[in-house]
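Okay, here's what each chain looks like letter by letter:
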Amino acid sequence: MVVNNLKLLVGGVQLRDGVTTVTDILGKMFVRAGLHVLAMEKGYASTIYGAHQYDPMVVSATPPLSYGDDRSDILVALEFDTNPDAPVQPNRDTILRHGKNLADGGVLLYDSTTGTVDVSDLERRGVKVFPLPARQIALRELKREVVKNTVVTGALLRLLEFDMDLALFRQYLEERFGRKGKDIVELNLEAARRGRAVIEEVLRANGWRDVGYRLVPQPTTGRAVLLNGNDALSMGAILAGCRFYAGYPITPASAILEFMEAHLPRYGGRALQGQNERESIRAAIGAAVAGVRSAVGSSGPGISLKVEEFGVAGVTETPVVIIDTQRAGPSTGMPTKPEQGDLAMAVFAGHGEIPRIVLAAGTIEECYTLAFEAFDLADKYQCPVFLLSDLTLADGRRDVPEEFFRTHRRPVVRHGLLREADLRQDGYRRYQITESGISPRNVPGVPGGIFKSSGSEHDEQGMITTDPPKRKAMVEKRMRKMQTYLKEDAKPPLVFGTPDGAVLLVGWGSTRLPMLDAQARLHAEGLETCVVHFTHLWPFPTHLVRPLLQRGKDIIVVEQNYAGQLADLIQQECLLPTRRILKYNGRPFYTSDITGGVRQLLTNGTRVVRVGDRAPAVVLETVPEGD
Amino acid sequence: MSTAAVNQKLWEQNATPKHRIQWCPGCGDFGVLNALKAALARLELMPHDVLLVGGIGCSGQIRNYLNGNAFHGTHGGALAYALGAKMANPDLTVIALAGDGDTLAIGIENFVHVCRRDPAVTLLIMNNGVYGLTKGQKSPTHGLGMPQGVSTEEDPPFVDPLRLALVCGASFVAQTFSGDPKHSADVLVEALRHPGFAVINDFSPCVTYNKFNTYDWYKEHVEHLPQDHDASDRQAAWQLLDEFDGKGKLPLGIVYRHPRQRTAHRRLPLWDEELAEVDPEPMLRLFR
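Model, not experiment: these values are computed from the prediction.

Considerations on the overall build of chain B
Alright, step 1. Within chain B, the secondary structure is distributed over 10 helices and 10 strands.
Alright, step 2. Counting the 288 residues in chain B, one finds 52% classified as buried.
Alright, step 3. Residue pairs at least 24 apart in sequence account for 75% of intrachain contacts in chain B once pairs closer than 6 positions are excluded.

Rendered as structure tokens:
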């Protein structure tokens, strides 16, 4: 019997089958019961309806290190139909695609409304199969098709011997539907009981006592929440004082806009859905000029459209936080698939040269903590600050203790905003040449001073100039801010393990968890590695990075892109050779990609390993996808 | 000195000295500048409460030729910055100052949608039919009053900013002529008082690159609106534009003015003390 350690995968038809409704209910119930949940590979398509959707979820007694490989222990297939046009390929994507990766002795639960499926190959591997006519029960017996997922949920709870009295489930339903929804609560509970009855019948018929997996509630020290990177980032931004947010609809950043629209007004702020990507960032810059902490969010294609404004923010010295939840590019690329392809854009994009800061979150928790840092740095250095996230973090969910959000909150301190008394003193110059490069800043509406600011080169008063000494002094003043940043605020990469003489696994962004998992596996196999993970990418903290990397033996950079954009930066800044494990097939890094890549690099001496060749188990007819 | 004169002087501080203004002698923008200063003085506004957002081109320079906070970014962006600033702080007087190319070519996306959004921002288009700063290329308003030749992709007919503004839902649409700064100032005062988006198309001749739409040409063609024009009537506004077209004249005055119902907003919190007491509970609740 495996207790509190399993990977569950729920799959079905997008929009129709409610895959994430099921995982959301289950995830929240597990977290309430003190279990730990990690679901970092939400598979969905850029289409509203009809594509295959899946959502693997690791549930364990201790916080899981990683989502592991594509193997799962329990497979739940919500599709209920067969495809009359393609008898050899019935609409059973979940079983066809993920059955192959189901563990020997695992569990398959599927909707058998339109008949049973031949899964003898799985049964030969000891998989316990549970056909459940969930849709039929919902439609015929309960007269409400919508509860078919509750039938499945009830069945699953019974399989895992979890919440056997449905007390947690009832509590969840009551909170969700409130007192007014008494009938809905009872209907759902009945649906869950019917699902459960089917499971008991199958168990009895096969003479199985259990399925070999069980979830048991554990005592907790405090309450935890289940949230994704977009949620954490949005919440962090609001608590960090962001009061103006603009965005144009784009996967996977739209959820931030929706969160802001729902919550910013409560805190006195406003969220604006731009009519295009440029309006979004320009409005955000306008709000920042008016003194408000302001941010704009998008994903790669939208960020590309904003590039000219990077220069405006840089030269007018306007603090604005630019959130990029990266997805697979270039152009429209693969809108719902993860990639880390925008680092070079964040660091270099735009004509001319501007001071800028680039941060990247490596975990859902860091989406929260770096939001505070991003707004503080933007204020202090009066420049664009890029906060990079990626699709794996944006859509991935994990449990985080509520205490975390309290202890990692920072008070809002506005750097350098002048008040009336400051302005009344003589000699205020918006672009005053200073040693730190940071100039005083006023806000329109505060008596005592005004600013003139411009995207054209300007003098200390903000008046346009092309006078060579003034131009030179102003360029140097702006760029000097980055020297100040390197002295006062740059952070070294996080180091996990001992770098001396070890193989260094270097990364940034959402690869951190699989890298740590790979480190543990390699350790078990006798290979010591040290994980070096970047959060502060630009200005590149060479003085902190080079001595650190020199202590290691091999520098292996793990990145989800073709070129190795961080590896290039390291070579450029540190003059150290790097080796690379690269993946860009639209799937996140699996632990085995990294362990396999490391072994390959160390044994055959190549410089680059490109992983992710393995095709999906079954290639189905192509489903047309949109943007 | 009279109060008005004192106020007028105030708007000349913190600005490029007059002898350093880089417009051609006789440029229509001088008239706009005078009208703007007169309107701001008459409304007794304080420079620190004003944000002037300049476009790219000769016209956008105006932001530095008078007192008040000023911002200037990308070509075509002025209205969107103005939108953000006004949303952030409704107490500010936000004025976008841009040319016809900036507003109606590269910035058309902002013009259309800001008309719809209706922030209480005043847009002053300094319309001269050319890209003066880059030495006289045709702008989208080029061809005003010229005989309509054969249209080609390279040479399309001109855009009428008044009709476009009406179509897009602007709540205040007016036209002025920089050769008549006293009237321009009167209209500007009304625009600045308007509780929504106010568009003013100001004919501001480019004396160097537009040899057709000259001061003399405008003087011949402009005509003040009839006293009895009902600006609150959308239909009347359309009719008026057609009538003036019919007689080959350009109307001066407030063509349309109809404030919308609006939700009042306060300045967004920005100071430390305004951001200190924030309860995350309503957000955390979502994830339990």
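So, the overall build of chain A
Alright, step 1. In terms of regular secondary structure, chain A is built from 22 helices and 23 strands.
Alright, step 2. On C-alpha atoms alone, chain A measures out to a radius of gyration of 27 Å, which is about the 25 Å that the 2.2 N^0.38 rule sets for 627 residues.
Alright, step 3. Counting only C-alpha atoms and orienting by the principal axes, one finds that chain A spans roughly 90 × 65 × 50 Å.
Alright, step 4. Relative to its full complement of 627 residues, chain A shows a buried share of 56%.
Alright, step 5. Taking the contacts inside chain A whose residues are at least 6 apart along the sequence as the reference set, 74% of them involve residues at least 24 apart.

Structural notes on the domain arrangement of chain A
Residue and element names in this part refer to chain A.
Alright, step 1. The domains assigned to chain A are domain 1 (2-214), domain 2 (226-407), domain 3 (420-488) and domain 4 (494-611).
Alright, step 2. Once you take the C-alpha centre of each, domain 2 and domain 3 turn out to be 26 Å apart.
Alright, step 3. Taken together, the contact between domain 2 and domain 3 spans 13 residues of the former and 13 residues of the latter.
Alright, step 4. Those elements that place two or more of their residues in the side of domain 2 that touches domain 3 are α12 (307-316) and α14 (364-381).
Alright, step 5. Per-element accounting of the side of domain 2 that touches domain 3 gives the leading share, four residues, to α12.

With respect to the interface of chain B and chain A
Alright, step 1. With 45 residues of chain B at the interface, the matching set in chain A holds 56 residues.
Alright, step 2. Listing elements by their share of the side of chain B that touches chain A, those giving two or more residues are β2 (69-72), α3 (78-88), α5 (108-117) and α10 (281-284) of chain B.
Alright, step 3. Top element by residues in the side of chain B that touches chain A is α3(B). It accounts for eight residues.
Alright, step 4. Residue composition of the side of chain B that touches chain A, grouped by class: 25 nonpolar, 15 polar and five charged.

A short note on unusual backbone geometry
Residues and elements named next belong to chain A.
Alright, step 1. Of the consecutive residues Gly-329 and Pro-330, the connecting peptide bond is found in the cis state with omega at -5 degrees.
Alright, step 2. Structurally, Pro-330 can be placed in the loop between β13 (320-326) and α13 (343-348).
Alright, step 3. Of the consecutive residues Trp-538 and Pro-539, the connecting peptide bond is found in the cis state with omega at -5 degrees.
Alright, step 4. Within the secondary structure, Pro-539 sits in the loop between β20 (536-538) and α20 (542-550).
Alright, step 5. Its identity is not glycine, yet Glu-161 carries a phi of approximately 50 degrees, on the positive side.
Alright, step 6. Turning to its location among the elements, Glu-161 is positioned in the loop between α5 (148-159) and α6 (167-177).
Alright, step 7. For Glu-161, a count of 15 C-beta atoms within 10 Å gives the class partly exposed.
Alright, step 8. Within the chain, Gln-382 stands out as a residue other than glycine whose phi angle is a positive 50 degrees.
Alright, step 9. On the secondary structure map, Gln-382 appears in the loop between α14 and β15 (384-390).

A few points about the nonpolar core
Alright, step 1. By size, the foremost hydrophobic cluster in this structure holds 252 residues, and its most contacted members are A:Val76, A:Ala284, A:Leu359, A:Ala371 and A:Val385.
Alright, step 2. With 11 residues, α14(A) is the single largest residue contributor to this core.
Alright, step 3. Excluding residues that lie within four positions of it along the chain, A:Ala284 makes contacts with A:Phe244, A:Ala246, A:Ser294, A:Ala295, A:Val296, A:Val320 and B:Gly84.

A closer look at the sheet that holds strand β4 (residues 52-60) of chain A
Residues and elements named next belong to chain A.
Alright, step 1. On the basis of which strands lie adjacent, the open sheet formed by eight strands has the order β7-β6-β5-β2-β4-β3-β16-β9 and mixed pairing. On the outer flanks of this sheet lie β7 (128-132) and β9 (224-228), each paired with one strand and no other. Here the average twist between neighbouring strands, direction ignored, is 20 degrees.
Alright, step 2. Taken together, the five bridges between strand β5 (residues 72-77) and strand β6 (residues 102-111) define a ladder with parallel strand orientation. Among the inter-strand pairings, Ala-77 is bridged to a residue of β6, identified as Tyr-110.

Regarding the pairing of strand β21 (residues 554-559) of chain A
Residues and elements named next belong to chain A.
Alright, step 1. Burial analysis of β21 places five of its six residues in the buried class, the great majority of the element.
Alright, step 2. Note that strand β18 (residues 503-508) and β21 share four bridges and pair parallel. Opposite Val-503, over in β21, you have Asp-554 as the bridge partner.
Alright, step 3. Judged from the four bridges that link them, β21 and strand β22 (residues 579-583) form a sheet pairing that is parallel. Counted as the bridge partner of Ile-556 is Arg-579 from β22.
Alright, step 4. Viewed along the sheet, the connection from β21 through helix α21 (residues 565-574) into β22 turns out right-handed.

Calculation rules
- Residues numbered from 1 in each chain as written.
- Chains lettered and ligands numbered in written order.
- Predicted model: local features only at pLDDT ≥ 70, side-chain atom pairs only at ≥ 80, totals over all residues.
- Helix = DSSP H or I, 4+ residues; strand = E, 2+ residues; numbered from the N terminus.
- Buried ≥ 20, exposed ≤ 12 C-beta atoms within 10 Å, placed from the backbone.
- Contact = placed C-beta atoms within 7 Å.
- Rg over C-alpha atoms; globule rule 2.2 N^0.38 Å.
- Domains from an automatic or database assignment.
- Nonpolar A, V, L, I, M, F, W, Y, C, P; charged D, E, K, R; others polar.
- Core = buried A, V, L, I, M, F, W, Y, C linked by C-beta atoms within 7 Å.
- Pairing = 2+ DSSP bridges.
- Axes fitted to C-alpha atoms, helices over the stretch in contact; angles between N-to-C directions.
- Right-handed = clockwise from strand over helix to strand, strands pointing away.

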